[in-house]
Amino acid sequence: MFRTALRNVLAHKGRLLMTVLAVMLGTAFVAGTMVFSDTLGKAMTNSYSKSYSDVSVLVTDNSASAYARASEKSGADTELTKATVDQLATLPGVAKARGVAAGFTAVADKQGTLIGQAFAAFGANWSPDATGQDSRYPMAEGQGPKRSGEIALDRATADKGGYKVGDTVRIAGNGPAQDARLTGIFTTDDPEITSGGTLALMDTATAQQFLLAPGQFSSIAVLAKPGVSQTALQDQVLTKLPPGNQYTAQTGDQLNADQAKQIESGTSNMKTMLLAFAGISLFVGIFIIANTFTMLIAQRIKELALLRAVGASRGQITRSVLAEALLIGLTASLTGLLAGVGIGAGMQALMAHFADGMPTGPLVVAPATVVVALLVGVLVTVVSAVLPALRASRVAPVAAMSSGDAPTSQKSLIVRNVFGSLLTAGGFAMILGGAAMGGDDGRYVIMGGAPIAMIGIFVLLPLLSRPVIALAGPLLARLAGTPGKLARRNAVRNPRRTATTAAALTIGLTLVTAMTVLGASVSGAVDRIVTKGVVADYDVSSANRMSLSPELAAKIAKAPGVTASAPIGNAYWELDGRSGAVSGVNAQQLPKLLDLTMDSGSVDALAKGQALVASDTAKKQGLTVGSAMKVDYRDGSTGTLTVGGVFQPIDLLSPTVVADSVMAQHDKEADIRDILVKGANGPTKELQQSVKAATGNNPVIEVKSQQDMKDEFSKIIAFALNMMYGLLAMSVLVAVLGVVNTLAMSVFERKREIGMLRAIGLDRRGIKRMVHLESVVISLFGATIGVLLGTFLAWAVNSTLSSSIPGLVTELPYGQLLLFLLMAGLVGLVAALWPARRASKLDILSSIKTD
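Residues numbered from 1 in each chain as written. Predicted model: local features only at pLDDT ≥ 70, side-chain atom pairs only at ≥ 80, totals over all residues. Heavy atoms only, no water.

Novice: How should the overall build of the protein be read in this particular structure?
Specialist: From N to C terminus, the protein includes 28 helices and 22 strands. Dimensions of the protein, computed from the C-alpha atoms along their principal axes, are close to 100 × 70 × 50 Å. Here the protein holds 851 residues, and 51% of them are scored as buried. Pairs at least 24 apart in sequence give 81% of the contacts found in the protein among residues at least 6 apart. In the protein, which carries 74 positive and 60 negative side-chain charges, the distance between the mean positions of the two groups comes to 18 Å. (Helix = DSSP H or I, 4+ residues; strand = E, 2+ residues; numbered from the N terminus. Buried < 20%, exposed > 50% of the residue type's maximum accessible area, 1.4 Å probe, protein only. Contact = heavy atoms within 4.5 Å. Lys, Arg positive; Asp, Glu negative; His and termini not counted. Charge placed at Lys NZ, Arg CZ, Asp CG, Glu CD.)

Laid out in structure tokens, this is it:
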């Protein structure tokens, strides 16, 4: 029987080609994902292992800035000074202690554009030793900075900006930009910089003033003497640190281990996402494999009956078909594994091209990758062939020896339809229940119900195919005449086959439609939220959402053309025993910049020292105009705030709003993320340039109009959708192979029928048109079900998001949905090209005499 299985595979290798390709593509996706993620993880681990090569123990002030973390300027209460460095240097196990002043520093090119990304723009102090050099940053050209107004840049940043030693370079923190003279260009193996970040070095005093506060460090790097372990040195260092959580002392090994965990977590998340899409491709492939074996067995009924007649048992027939699936799965998996290595290499090359400086290394093909790829491919193929194998074993020899296909029993169709109806009803009930429940819990219920509903729909597709495709009958007959009528009848002749072929497209279109409708709905809601209540012409903020300095707000207020401006300060206070976000805004300027919708009270209450509370917060905490809130301020004092108004929440303000004068009494340095600006003539280019000039043309400061803010969020959503479309492309390709495969095998089955049609007068062009239309009808059937199901799922998910995204309603992008249907029809047309050509070239006489 195994020799028979091998012979059957070799005899039908042409008909099995699409099955092999489907399994190969899915397996290649899995293998490529694992190769790429393992390679990237290894390269990043190797690169980042150099981060703490000269650190035995790192003392960090958690309240200060640190360039390795690209955090904010907030070092007013830090106590790491030169005295602390000298104190640690006297410990018996210390070879050297070095103070580090580090934080955010943006560098502009000669056109004033930010070099690199804002989140990877760093500044630090140049700390030379007795030789006048800093071993961390060897100078390739020039010398290190020695005084205020001088900086050194890493080689890559200098090259990108076109700078040479002696040039003037514009740098910026969270305030107005300033110019400095480039005294040196250095090299570094710091992975934060080699992976695309920028680094500007200043002398220690300037770095402390620019990044922290005069005389203060953000961290101290301590190097152990030979023979002193890192843990022993850590114990010594801890004895010199004040108690509390403000300071941490970690060994270099601990820092490297934490970094390795972060890298592993990041690559693991990426791998999980990519494998999920690979799983979708393999799931689509299951339908193709099952369809292929079902059709092959139908074509070999007489052969299988003969085997039963000469003594083969049902078990042997089943094992024979599964052996064929095993051979196909093994062949496809091996091919997919090799293709996956190529995909991994290609993904690494793309990453290196688009992500400048991303660590690279030799490809990593782990044993787990080989085992998983082979197992996945073989198991998917064999499992998909189980039902066709069982069907083959259950055909009685006498019935199988008769001419024609074995009919589908009415009982099996009834069982299938009842089972599908129960699954669909159960899945839809869970989806509707989740939508009604809302929130995270509701989404989890929908996530559980969606697969059940999809499987139920797939089971019911044969039942749905007849009425749905029948709707297209009159149109097909009118447009294509006899070929159109034949195409419709062929599409519904074998509902199971039609359903299995269409299901592959249904899966892809369900996911694509759901994401598209969600994207359109969220985009519309965000557009409304971002600019809700805003009458200001421009919003000034940092590209990395870093806090802005009060000095910057003062300069913008004096810029030519500005008639009103106000910074929005942010703080966290204890309000009635609960930590709550509070915004501070100038009471006189607010009405000129924001149009708050008041449910009760008045905006004028701010000028009286009272607070405004968002309506959702007021409802939750039972607050009304006149209510008193007990406040515990960050400076340790306490007080009471009276509610002077309740407003509809907007994106720019926290749930509680006070006058900036009230906030200044308790928070001397409020966190300013936005500065609103209004001009006399609206959002003009002149006003935008004037505000930008007031920042010193700071490369990291953005001056955005309301339309700019909308476009920014739209681009984020569009990027996410395009990435999802790209990842789903493999599934769509597998679905196309399924359509090609079904039509090609269907043409082989219907050789006699096609010959008879040719004999009674249907020309080759009519045969081609018949096959083309049959393919288009099946594709549109699957796409239509997918679009409807995807829209329903998107509506359900939107219902759970409405509480967290105000104003969210389901918006249908009709143009895109119509485009999906047109593309599905085009996919069907392209998939039918080869089968239609093959059908039209069949010889009439040889086709008619086929047994």
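Novice: Would you mind showing me how to read the environment of Ile 171 here?
Specialist: Along the chain, Ile 171 turns up in strand β8 (residues 168–172). A C-alpha to C-alpha distance of 9.8 Å links Ile 171 and Gly 696, two positions 525 residues apart in sequence. Beyond its immediate chain neighbours, meaning those up to four positions away, Ile 171 contacts Thr 105, Ala 106, Val 107, Ile 151, Ala 177, Gln 178 and Phe 210.

Novice: Quick question: what am I supposed to make of the nonpolar core here?
Specialist: One broad trend across soluble globular proteins is that nonpolar side chains are buried collectively. Ranked by internal contacts, the top residues of the largest apolar core, which has 110 residues, are Phe 293, Phe 458, Leu 461, Ile 507, Ile 767 and Ile 805. The greatest single-element share of this core, amounting to 16 residues, is contributed by helix α25 (residues 764–801). Excluding residues within four positions of it along the chain, Leu 461 makes contact with Ala 499, Ala 503, Thr 506, Phe 781 and Ile 785. In terms of nonpolar packing, the next biggest core, distinct from the first, is built from 41 residues, Met 629, Tyr 633, Val 643 and Ile 650 among them. (Core = buried A, V, L, I, M, F, W, Y, C linked by side-chain atoms within 4.5 Å.)

Novice: Teacher, can you tell me more about the pattern of salt bridges here?
Specialist: Side-chain pairs of opposite charge can arise where the charged atoms are in close proximity. Within this structure, the stated rule accounts for 16 salt bridges. Linking Lys 271 and Asp 38 is a salt bridge whose minimum nitrogen-to-oxygen distance equals 3.3 Å. Separated by 233 residues along the polypeptide, Lys 271 in helix α8 (residues 252–299) and Asp 38 in helix α2 (residues 17–48) bring together distant segments of the chain. Residue Asp 674 pairs with Arg 545 through a salt bridge whose shortest N-O separation is 3.0 Å. Taken together, the residues span a long stretch of sequence, with Asp 674 in strand β21 (residues 671–679) and Arg 545 in the loop between β13 (538–542) and α18 (550–557) at a distance of 129 residues. Residue class for Arg 545 comes out partly exposed when judged on its relative accessible area of 35%. A cluster of three or more residues bridged by salt bridges with shared partners is formed by Arg 147, Glu 150 and Arg 181. (Salt bridge = Lys/Arg side-chain N within 4 Å of Asp/Glu carboxyl O.)

Novice: Just to check I follow, could you spell out helix α27 (residues 833–840) for this structure?
Specialist: Residues that lie three or four places apart on an α-helix share one face, since the helix turns once every 3.6 residues. Inspection of α27 places Pro 835, Ala 836, Ala 839 and Ser 840 among the buried residues, and these make up the whole buried set. Along the axis of α27, the buried residues cluster in a sector spanning 130°; they form a single face. (Arc of directions from axis to C-beta.)

Novice: Help me understand the sheet that holds strand β11 (residues 219–224) in this model?
Specialist: Pairing between sheet strands relies on hydrogen bonds along the backbone, with the strands arranged either parallel or antiparallel. Spatially, four strands are ordered β2-β11-β1-β12 in an open sheet, and the strand pairing comes out antiparallel. One side of each edge strand has no neighbouring strand; the edge strands of this open sheet are β2 (94–100) and β12 (247–251). Going across the sheet, the axis of each strand differs from the next one's by a mean of 15°, ignoring polarity. Looking at chain direction, strand β1 (residues 57–61) and β11 are connected through four bridges and run antiparallel. (Pairing = 2+ DSSP bridges. Axes fitted to C-alpha atoms, helices over the stretch in contact; angles between N-to-C directions.)

Novice: Just to check I follow, could you spell out the confidence of the model for the protein for this structure?
Specialist: Close inspection of predicted coordinates is inappropriate for parts of the model with low pLDDT. Confidence in the prediction of the protein, expressed as mean pLDDT, is 83, and 91% of residues score 70 or more. Of the regions scoring below 50 in pLDDT, residues 65–78 engages in 52 contacts with residues more than four places distant in sequence or in other chains. In this model, residues 403–407 is a region of pLDDT below 50 whose contacts with residues beyond four sequence positions or in other chains number two contacts. (pLDDT = per-residue confidence, 0-100.)

Novice: Which parts of the structure should I look at to understand the packing of helix α15 (residues 473–480) against helix α16 (residues 482–493)?
Specialist: Describing two packed helices takes the angle between their axes plus the distance from one axis to the other. It is the contact of α15 with α16, at a shortest axis distance of 6 Å, that shows an interaxial angle of 150°. As judged from the angle between their axes, α15 and α16 are roughly antiparallel. Across the interface between the two elements, Gly 473, Leu 476, Ala 477 and Ala 480 of α15 pack against Thr 482, Pro 483, Gly 484, Lys 485 and Arg 488 of α16. Split into classes, the residues belonging to the contact of α15 with α16 amount to four nonpolar, three polar and two charged. (Parallel < 35°, antiparallel > 145°, perpendicular 65-115°, else oblique. Nonpolar A, V, L, I, M, F, W, Y, C, P; charged D, E, K, R; others polar.)

Novice: Even after reading the chapter, I still don't get a positive patch on the surface, so can you show me in this structure?
Specialist: Taken together, the side chains of Arg 764, Lys 768, Arg 837 and Lys 841 define a basic patch exposed on the protein surface. Within the secondary structure layout, Lys 841 lies in the loop between α27 and α28 (844–848). (Patch = residues over 30% accessible without salt bridge, like charges linked within 9 Å, V, L, I, M, F, W, Y side chains within 5 Å. Areas by Shrake-Rupley, 256 points an atom, 1.4 Å probe, with all protein chains shown as cover.)

Novice: Just to check I follow, could you spell out a nonpolar patch on the surface for this structure?
Specialist: A surface patch of nonpolar side chains, amounting to about 430 Å² of accessible area, comprises Val 371, Leu 375, Leu 379, Val 383 and Val 386. Its place among the elements puts Val 383 in helix α11 (residues 367–393).

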